[in-house]
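An overview of the molecular structure
The residues making up each chain are set out below.
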Amino acid sequence: MRDRDNVYDWYNAYFRVNFKFQALANGANVDADTPSAPINSAFSLLKSTTVKSAGKVLYEAVDIHKVIFIKNLLDYSDDYARSVAKSQFWYLDTDATNVTAAAGTNAGIKARGALSNGGATVETTIPLNRFSFFEELSDRLLPLLHLEFEIVLQDDNEIIFQNDGTGRRIVVQKFELWVPQLTLTSEGQKMFNENFLKPTQWTYLKEVLHPSPSQRDASGSWLISAGVKNPKHVFIFFQQTRKQNSLTQNPYIFDTFDLDGDNTAKLSSCRLQYGSDYLPELDYESDLKLRILNDLVNYRYRRNDCNSGTQLQTSNFETIYPVLYFDLRSVKEGVTGDPKNLTLHYRLKEAANAQDCTIYAAVLDEEEVVVKQIGNELVVV
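A brief structural summary.

Definitions and cut-offs
Residues numbered from 1 in each chain as written. Predicted model: local features only at pLDDT ≥ 70, side-chain atom pairs only at ≥ 80, totals over all residues. Heavy atoms only, no water. Helix = DSSP H or I, 4+ residues; strand = E, 2+ residues; numbered from the N terminus. Rg over C-alpha atoms; globule rule 2.2 N^0.38 Å. Contact = heavy atoms within 4.5 Å. Areas by Shrake-Rupley, 256 points an atom, 1.4 Å probe, with all protein chains shown as cover. Lys, Arg positive; Asp, Glu negative; His and termini not counted. Charge placed at Lys NZ, Arg CZ, Asp CG, Glu CD. Core = buried A, V, L, I, M, F, W, Y, C linked by side-chain atoms within 4.5 Å. Buried < 20%, exposed > 50% of the residue type's maximum accessible area, 1.4 Å probe, protein only. Arc of directions from axis to C-beta. Pairing = 2+ DSSP bridges. Axes fitted to C-alpha atoms, helices over the stretch in contact; angles between N-to-C directions. Phe/Tyr/Trp six-rings, centres within 6.5 Å; stacked < 30°, edge-to-face > 60°. Lys NZ or Arg CZ within 6 Å of the ring centre and 35° of its normal. Polar contact = N/O pair within 3.5 Å; in protein donor to acceptor, adjacent residues only side chain to side chain. Salt bridge = Lys/Arg side-chain N within 4 Å of Asp/Glu carboxyl O.

**Thoughts on the overall build of the protein**
Each helix and strand in the protein was counted, giving eight helices and 19 strands. Whereas a compact globule of 381 residues would reach a radius of gyration of roughly 21 Å, the protein reaches 22 Å, a difference of no more than 12%. Expressed as lengths along the three principal axes of its C-alpha atoms, the size of the protein is roughly 65 × 55 × 40 Å. The long-range share in the protein, meaning contacts at least 24 apart out of those at least 6 apart in sequence, stands at 79%. On the protein, roughly 17400 Å² of surface is accessible, and the fraction owed to carbon and sulfur atoms is 47%. Where the 39 positive side-chain charges of the protein centre and where its 49 negative ones centre are 1 Å apart.

**Considerations on the nonpolar core**
The biggest cluster of nonpolar side chains holds 103 residues, and the ones touching the most others in it are Trp10, Phe131, Phe235, Ile236, Phe238, Phe326 and Leu344. It is strand β18 (residues 357-374) that contributes the most residues to this core, nine residues altogether. Discounting chain neighbours no more than four positions away, the residues touching Phe238 are Phe254, Asp255, Thr256, Leu259, Leu267, Leu344, Tyr346, Leu348, Cys357, Thr358 and Ile359.

**Considerations on helix α7 (residues 289-297)**
When α7 is considered as a whole, its buried residues turn out to be Ile292, Leu293, Leu296 and Val297. One side of α7 carries all its buried residues, which in axial view fall inside an arc of 125 degrees. As for α7, its buried residues are in contact with α1 (65-75), β13 (231-240), β15 (277-285), α8 (314-319) and β16 (324-327).

**Structural notes on the environment of Ile292**
The topology assignment puts Ile292 in helix α7. On the accessibility criterion, Ile292 (2% relative accessible area) is buried. Expressed as a C-alpha distance, the spacing of Ile292 and Phe326, which sit 34 residues apart in the sequence, is 9.5 Å. In contact with Ile292, not counting residues within four places along its chain, are Phe257, Tyr284, Glu285, Phe317, Val323 and Leu324.

**A look at the sheet that holds strand β14 (residues 267-274)**
Backbone hydrogen bonds are what pair the strands of a sheet, in a parallel or an antiparallel way. Strand order across the open sheet formed by four strands is β12-β17-β14-β15, with antiparallel pairing between neighbours. The open sheet is flanked by β12 (219-228) and β15, the only strands paired with a single partner. Between one strand axis and the next, the sheet turns through 10 degrees on average, direction left out of account. Of the pairings in the sheet, the one linking β12 to strand β17 (residues 340-348) comprises seven bridges and is antiparallel in character. When the sheet's bridge partners are listed, Val228 is paired in β17 with Lys340.

**Description of unusual backbone geometry**
Cis peptide bonds are those with omega within 30 degrees of zero, and the linkage from Leu279 to Pro280 qualifies with -15 degrees. For Ser41, which is not glycine, the phi torsion reads 80 degrees and is therefore positive. Considering the arrangement of structural elements, one finds Ser41 in the loop between β3 (36-38) and β4 (46-53). Of note in this structure, Asn245 is not a glycine but carries a positive phi near 50 degrees. Counting through the fold element by element, Asn245 comes out in the loop between β13 and β14.

**Quick look at the packing of aromatic side chains**
Each aromatic ring pair is described using two quantities: the centre-to-centre distance and the angle formed by the ring planes. Taken as a whole and judged by the stated rule, the model has 29 aromatic pairs. Ring-pair connections join several aromatic residues into one group, and the members of that group are Trp10, Phe15, Phe43, Tyr59, Phe131, Phe133, Phe134, Phe149, Phe175 and Tyr204. Residue placement shows Lys66 over the ring face of Tyr360; its charged tip is 4.1 Å from the ring centre. A cation sits over an aromatic face here: Lys289 above Phe257, 5.0 Å from the ring centre.

**Remarks on the pairing of β17**
Where β14 meets β17, seven bridges bridge the pair, whose relative direction is antiparallel. Considered in β17, the bridge of Leu272 is made with Leu344.

**Section: the side chain of Ser132**
Mapped onto the elements, Ser132 comes out in helix α4 (residues 132-135). Take Ser132: its relative accessible area is 2%, and that puts it in the buried class. From its side chain, Ser132 meets the backbone oxygen of Leu205 in a polar contact 2.6 Å long. If we ignore the near neighbours within four places in the chain, the residues touching Ser132 are Tyr59, Lys71, Tyr204, Leu205, Lys206 and Glu207.

**Considerations on the pattern of salt bridges**
Per the counting criterion, the structure on display carries 15 salt bridges. The shortest N-O distance in the salt bridge between Arg112 and Asp93 comes to 3.3 Å. Note that Arg112 is positioned in helix α3 (residues 107-116) and Asp93 in the loop between α2 (78-81) and α3, a separation of 19 residues in sequence. Residue classification places Arg112 among the buried residues on the basis of a relative accessible area of 0%. The buried category is assigned to Asp93, whose relative accessible area is 2%. Between Lys243 and Asp255 there is a salt bridge; the shortest N-O distance is 2.8 Å. With Lys243 in the loop between β13 and β14 and Asp255 in the loop between β13 and β14, the pair connects residues that are 12 residues apart, well separated along the chain.

Taken by themselves, the reported measurements are silent on function.
This is how it looks when you write it as structure tokens:
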């Protein structure tokens with residue numbers, strides 16, 4: 001985007017994407033009734049997204065489609081997920097078995113297969129406001145900047161589920177950036193000049209996904225990061241390592257409460273340490289999953305919101321989307337503001353874990369954007 005003469009609404013910008021689901025060998029159409037389909041959400045198409053201005057990196061999101069998935073799972077109300085979110089290829093899995101045949105019970109993957117199989121072109125959108133940098137622009141406008149987007153598409157193995165052993169591929173046919181251009185009245189131009197054409201600064205919550213080494217430890221401590229400065233939210237989930245970059249696995253099915261597939265090895269208790277602070281005050285115990293679920297849905301203060309529903313409930317939380325949530329907004333910052341260690345302490349059930357597992361930590365860390373005036377131009381420093 002090279003235009004510095006007009007004002008744009010970046011909060012409502014989006015990528016428009018068209019893709020086809022094809023056989024890897026010869027590009028043939030995938031049969032309508034085949035047991036395969038793309039995984040949930042158009043965000044899974046993106047491996048990395050980098051936004052630059054004059055060579056300066058404003059925002060970088062690397063391999064965070066699982067983080068965006070968790071945010072969408074918690075942010076989208078049940079009604080929104082069943083209606084507006086469909087334009088984002090959002091069809092939530094309803095069964096951990098991943099069965100896609102006609103007799104299967106996974107409504108989400110069957111719906112995605114119906115849209116993508118048989119040679120159909122899937123039309124979808126990726127709203128930029130699901131990325132934290134643009135999410136903070138709901139009540140502000142960016143200064144007149146040149147913006148450069150660098151997009152890397154995801155590997156096929158990470159965005160396709162199939163259980164028939166036949167190779168598949170995603171072919172992106174169209175990838176466009178749509179940004180609303182604002183036409184300002186005289187009063188609007190005056191407000192823009194007074195509020196957005198001057199040095200300023202704001203903060204946003206940068207998403208970073210930290211994976212642990214593959215392991216089978218029954219208990220231990222995992223140092224998530226030694227350099228976290230100001231985390232506000234942390235999401236944790238356990239997943240069998242074999243689900244990484246595998247066509248026969250769905251990366252959006254989590255295994256926190258069933259690590260080996262037979263309900264013997266599972267998380268028993270855990271606690272997060274940030275510097276000298278421990279969260280929660282009393283360890284999370286898997287015997288009280290309802291407490292963990294209540295804290296998770298309260299990420300957006302939904303626990304006491306009687307006017308909007310959530311996509312999570314006890315059944316799919318325990319079996320498909322078991323995510324642990326730690327709220328660090330009440331943790332006091334250090335006097336010096338130095339980075340601190342972020343560590344997960346955990347214990348599994350006594351039964352031996354027969355599957356290698358990976359622990360994922362999605363950390364939302366507060367970052368600052370500073371815009372200064374250099375010469376006659378505003379630049380991000």
